[in-house]
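Structure assessment
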Amino acid sequence: MLQQTAHPLCLYTYMAESNFIDYVKIICRSGRGGRGMAHLHRAKYLPNGGPDGGDGGKGGDIILRGNRNYWTLLHLKYQRHVFAGNGQNGGVNRSTGADGESKIIDVPCGTVAYNAETGEYLCDVTEDGQKVVLLKGGRGGLGNVHFATPTRQAPRFAQPGEPMREMTVTLELKLLADVGLVGFPNAGKSTLLSSVSAAKPKIANYPFTTLEPNLGIVSYRDGKSFVMADIPGIIEGASQGRGLGLRFLRHIERNSLLLFMVPAEADDIKKEYEILLNELATFNPEMLDKQRVLAITKSDLIDEELKAMLSENLPEDIPHIFISAATGEGISALKDILWEKLNSEENMLAAVKRDELVHRNYDRHMLASDFANWEDEEYTPAEDDDELYYEEEWDEE
């Protein structure tokens, strides 16, 4: 009987055709401010009308807005240039120019923005309707009416508008969940998620069946519930790019509890657990501060005597439990352990520091690897406004 394996080309083809897009790179540009007007009032029988130049309009902003109706960044994959409108120039009779149109980018809740050039953290959108100004538009220049003084009653200059701001931004989606599942391929993560929630992830008997994260709402007693996240399997050497790498680990960075899953048929359960822990430390050492629970899956394949023997060699620093999603063994007890950990005082105190984990700067090496095959479209940059002011030709009559 031939063993089914996932060809690497098939994996990347599936990911390319999948609707789940968790990171994009877009070029954003705010609007420049309009020029102030340098003008003297002209009217019949009014020889010295004085300055009446209006102010320029404000340039448009680039705004991120959380939208719970989005669950992926797919809509931004094909709209990679977001340019706001420029402010209009000021007019005569102290007329203010129109403000430029601001551009609002709707993103799913849990989206983090980074500067694609430096990897600097910019902002985090976690709530529905939350608005964050990513790039501010330039202020409009002042008209010459603002520069009139008793000794300079007819100023013939005005202020230019502030220039636009341009930035290449990386948007990264980090799913919001309470419990994150961590394990090797075929450890039973998707099977557990499908048995404790209404989620229907793809389940098959070959490695890397799960190619994109899945979320499920786990029901508990008295109408209580918590969210569980299933990510693709991790293998030894994932930090060096083996398998699917570590790119999906961003989705469990926000989780307050990590559920490590190792099958009972593994040669050395403790060793596999330590390999997974090492890969997490390579990705982000702060993830080791999260609470952890070890679940030994597929326990229906072993008897009670073998369970007792395996328990003697399991890690002592974390609680463990034998479960079987196929027979339901240990599932209720697992829910009790997870709920107790989620509502423990230690977890509440850790939640205060959780923002420090999410709001770290992006590793530039990881940023380069994520977009190694990204083809940037060509565009024409805006002309720089180098003039400090401009004057108007006046009729001396």
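My aim in this report is to walk through the structure given alongside it, one point at a time. (Residues numbered from 1 in each chain as written. Predicted model: local features only at pLDDT ≥ 70, side-chain atom pairs only at ≥ 80, totals over all residues. Heavy atoms only, no water.)

A short note on the overall build of the chain
The criterion, for reference: Numbered from the N terminus, helices here are DSSP runs of H or I no shorter than four residues, and strands are runs of E no shorter than two. Classification of residues uses two cut-offs on accessible area relative to the type maximum, computed with a 1.4 Å probe and protein chains only: under 20% is buried, over 50% is exposed, and between them is partly exposed. Residues count as neighbours in contact if any of their non-hydrogen atoms are within 4.5 Å of one another.
A tally of helices and strands in the chain yields 9 helices and 14 strands. Considering the chain as a whole, with its 397 residues, one finds that 48% of them fall into the buried category. Contacts in the chain between residues far apart in sequence, at least 24 positions, make up 75% of those at least 6 positions apart.

Some thoughts on the pattern of salt bridges
Selection rule: Should a side-chain nitrogen of Lys or Arg be within 4 Å of a carboxyl oxygen of Asp or Glu, the pair is scored as a salt bridge.
What the rule picks out here adds up to 11 salt bridges. Among the ionic pairs, E166 bridges to R29, the shortest N-O distance being 3.4 Å. Taken together, the residues span a long stretch of sequence, with E166 in strand β8 (residues 166-173) and R29 in strand β1 (residues 23-29) at a distance of 137 residues. Classification of E166 by relative accessible area gives partly exposed; the value is 33%. R65 is paired through a salt bridge with D106; the nearest N and O atoms lie 2.7 Å apart. Of the two residues, R65 sits in strand β2 (residues 62-66) while D106 sits in strand β4 (residues 103-107), which places them 41 residues apart along the sequence.

Considering the nonpolar core
Threshold: Buried Ala, Val, Leu, Ile, Met, Phe, Trp, Tyr and Cys residues form a nonpolar core when they are joined through side-chain atoms within 4.5 Å.
Residues I252, F260 and L294 are the most contacted members of the largest nonpolar core, which totals 26 residues. Residue assignment for this core shows that the elements contributing at least two residues are β12 (257-263), α4 (269-283) and β13 (291-297). Looking at which element gives the most residues to this core, the answer is α4, with 7 residues. Excluding residues that lie within four positions of it along the chain, I252 makes contacts with G180, V182, I231, L258, L280, M287 and K290. C123, L134, V169 and L173 belong to the second-largest nonpolar core, a separate cluster that totals 24 residues.

Section: the sheet that holds strand β14 (residues 320-322)
Applied cut-off: Pairing between strands is defined by DSSP: at least two bridges between the two strands are required. Here an axis means a line fitted to C-alpha atoms, over the contact stretch when the element is a helix, while the angle between two N-to-C directions is reported on a 0 to 180 degree scale.
Taken together, the 6 strands give an open sheet; going across it, the order is β10-β11-β9-β12-β13-β14, and neighbouring strands pair in mixed fashion. For this open sheet the edge positions go to β10 (214-219) and β14, each flanked by a neighbour on one side alone. In this sheet, neighbouring strand axes are inclined to one another by 25° on average, regardless of whether the strands run parallel or antiparallel. Relative to β12, strand β9 (residues 179-183) runs parallel, the two being bridged by 5 bridges. Paired with V182 across the strands is F260, a residue of β12.

What to know about α4
Put simply, the test is: Helices are assigned an expected span. That span is 1.5 Å times one less than the residue count. Nitrogen and oxygen atoms within 3.5 Å of one another constitute a polar contact, given that in protein one can donate a hydrogen and the other can accept it, and given that sequence-neighbouring residues count only through two side-chain atoms.
Taking 1.5 Å as the rise per residue, α4 with 15 residues should run 21 Å; its terminal C-alpha atoms sit 22 Å apart, in good agreement. Taken together, the buried positions of α4 are occupied by I269, Y273, I275, L276, L277, E279, L280 and F283. Two or three places before K270, at the opening of α4, D268 has a side-chain oxygen 3.3 Å from that residue's backbone nitrogen.

Here we look at the sheet that holds β4
The mixed open sheet is built from 3 strands, whose spatial order is β4-β2-β7. On the outer flanks of this sheet lie β4 and β7 (131-135), each paired with one strand and no other. With strand direction ignored, the average angle separating the axes of adjacent strands in the sheet is 30°. In terms of strand pairing, β2 meets β4 through 5 bridges, oriented parallel. Across the sheet, I63 pairs through a bridge with I104, a residue of β4.

Concerning unusual backbone geometry
Non-glycine residue R94 carries a positive phi angle of around 60°. Residue placement: R94 occurs in the loop between β3 (81-83) and β4. Assessed through its relative accessible area of 57%, R94 is described here as exposed. Positive phi is not limited to glycine here, since D222 has a value of about 55°. Take D222: its relative accessible area is 75%, and that puts it in the exposed class.

Topic: the packing of aromatic side chains
Applied cut-off: For Phe, Tyr and Trp, where Trp contributes only its six-membered ring, two rings pair if their centres lie within 6.5 Å, and the inter-plane angle classes them as stacked under 30 degrees, edge-to-face over 60, or tilted in between. Any Lys NZ or Arg CZ that is within 6 Å of a ring centre and within 35 degrees of that ring's normal is treated as a charge sitting over the ring.
Scanning the entire structure with this criterion turns up 5 aromatic pairs. Relative to F157, the ring of F147 lies with its centre 5.2 Å away and its plane at 45°, an arrangement referred to as tilted. Of this pair, F147 sits in the loop between β7 and β8 while F157 sits in the loop between β7 and β8, and the two are 10 residues apart along the sequence. A centroid spacing of 5.0 Å and a plane angle of 20° characterise the contact between Y220 and W339, whose relative ring orientation is stacked. Taken together, the residues Y220 in the loop between β10 and β11 (225-230) and W339 in helix α6 (residues 331-342) connect sequence positions 119 residues apart. Of the residues examined, W339 reaches a relative accessible area of 19% and is grouped as buried. Aromatic ring contacts, followed pair by pair, group Y220, F226 and W339 into a single cluster. Of note, R29 hangs over the ring of F83, and the distance from its end group to the ring centre comes to 4.0 Å.

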